[in-house]
Amino acid sequence: GPAINKEDLDLFNKQFKKIAGQVDLICLSGSWPEGAPQNAYRDLILQAVQCDKKVILDASGAQLENALKAKPFAIHLNLEEAKFLYKTSDCQSIL
């Protein structure tokens, strides 16, 4: 798959911050390319919060776990992501 280097990531973050100020709501979704830090979504959410914007997040794995520390407005979880977060395979214990 694609990869991202630090220079491209810095440029992306700069553009994100610029655009975040122009919208009402931000939706972050999907996986990151190889080379992206495991806290990339967290950093974007923190930037959005600085612009007083709400964020809806749809992510998985370490990106999801780290992004939750930034307290997005809402998250979308599928069953596998919920099991990962709650560290269980028992669906009933999640409910």
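Computed from a predicted model, the values in this text were never measured in an experiment.

In terms of helices and strands, the chain carries five helices and three strands. When the helices and strands of the chain are listed from N to C terminus, the series reads α-β-α-β-α-β-α-α. Expressed as lengths along the three principal axes of its C-alpha atoms, the size of the chain is roughly 45 × 30 × 15 Å. Within the span of the chain, comprising 95 residues, buried residues form 31% of the whole. As displayed, the chain offers around 6,300 Å² of accessible surface, 54% of which is attributable to carbon and sulfur atoms. Here the chain carries 11 positive and 12 negative side-chain charges, and the mean point of each set is 8 Å from the other.

Among all positions of helix 2 (residues 40-50), only Ala40, Tyr41, Leu44, Ile45, Gln47 and Ala48 are buried. The arc that holds the buried residues of helix 2, viewed along the axis, is 160°, so those residues lie on one side. Contact partners of the buried residues in helix 2: helix 1 (6-20), strand 1 (25-29), strand 2 (54-58) and helix 3 (61-68). Immediately beyond the C-terminal end of helix 2, within one or two residues, lies Asp52, with a positive phi of roughly 60°.

Here the focus is the environment of Ile45. Relative to the helices and strands, Ile45 is located in helix 2. C-alpha separation for the pair Ile45 and Gln63, spaced 18 residues apart in sequence, amounts to 12 Å. When residues no more than four places from it in sequence are discounted, the contact partners of Ile45 are Leu28, Val55, Leu57, Ala67, Ala70 and Pro72.

Within the fold, Arg42 resides in helix 2. For Arg42, a relative accessible area of 26% puts it in the partly exposed group. With 33 residues separating them in the primary sequence, Arg42 and Ile75 have C-alpha atoms 13 Å apart. With near-sequence residues (within four places) excluded, Arg42 lies in contact with Asn66, Ala67 and Ala70.

On to the packing of aromatic side chains. Using the criterion set out here, one finds two aromatic pairs in the structure. On the numbers, 5.8 Å between centres and 90° between planes, the contact of Phe12 with Trp32 is edge-to-face. One end of the pair, Phe12, is in helix 1; the other, Trp32, is in the loop between strand 1 and helix 2, and 20 residues separate them in sequence. An angle of 75° between the planes, with centres 5.4 Å apart, marks the rings of Trp32 and Tyr41 as edge-to-face. When sorted by exposure, Trp32 lands in the same class as Tyr41, which is buried. The ring centre of Phe84 lies 5.7 Å from the NZ or CZ of Lys87, which sits over that ring.

Cut-off values and rules
- Residues numbered from 1 in each chain as written.
- Predicted model: local features only at pLDDT ≥ 70, side-chain atom pairs only at ≥ 80, totals over all residues.
- Heavy atoms only, no water.
- Helix = DSSP H or I, 4+ residues; strand = E, 2+ residues; numbered from the N terminus.
- Buried < 20%, exposed > 50% of the residue type's maximum accessible area, 1.4 Å probe, protein only.
- Areas by Shrake-Rupley, 256 points an atom, 1.4 Å probe, with all protein chains shown as cover.
- Lys, Arg positive; Asp, Glu negative; His and termini not counted.
- Charge placed at Lys NZ, Arg CZ, Asp CG, Glu CD.
- Arc of directions from axis to C-beta.
- Contact = heavy atoms within 4.5 Å.
- Phe/Tyr/Trp six-rings, centres within 6.5 Å; stacked < 30°, edge-to-face > 60°.
- Lys NZ or Arg CZ within 6 Å of the ring centre and 35° of its normal.

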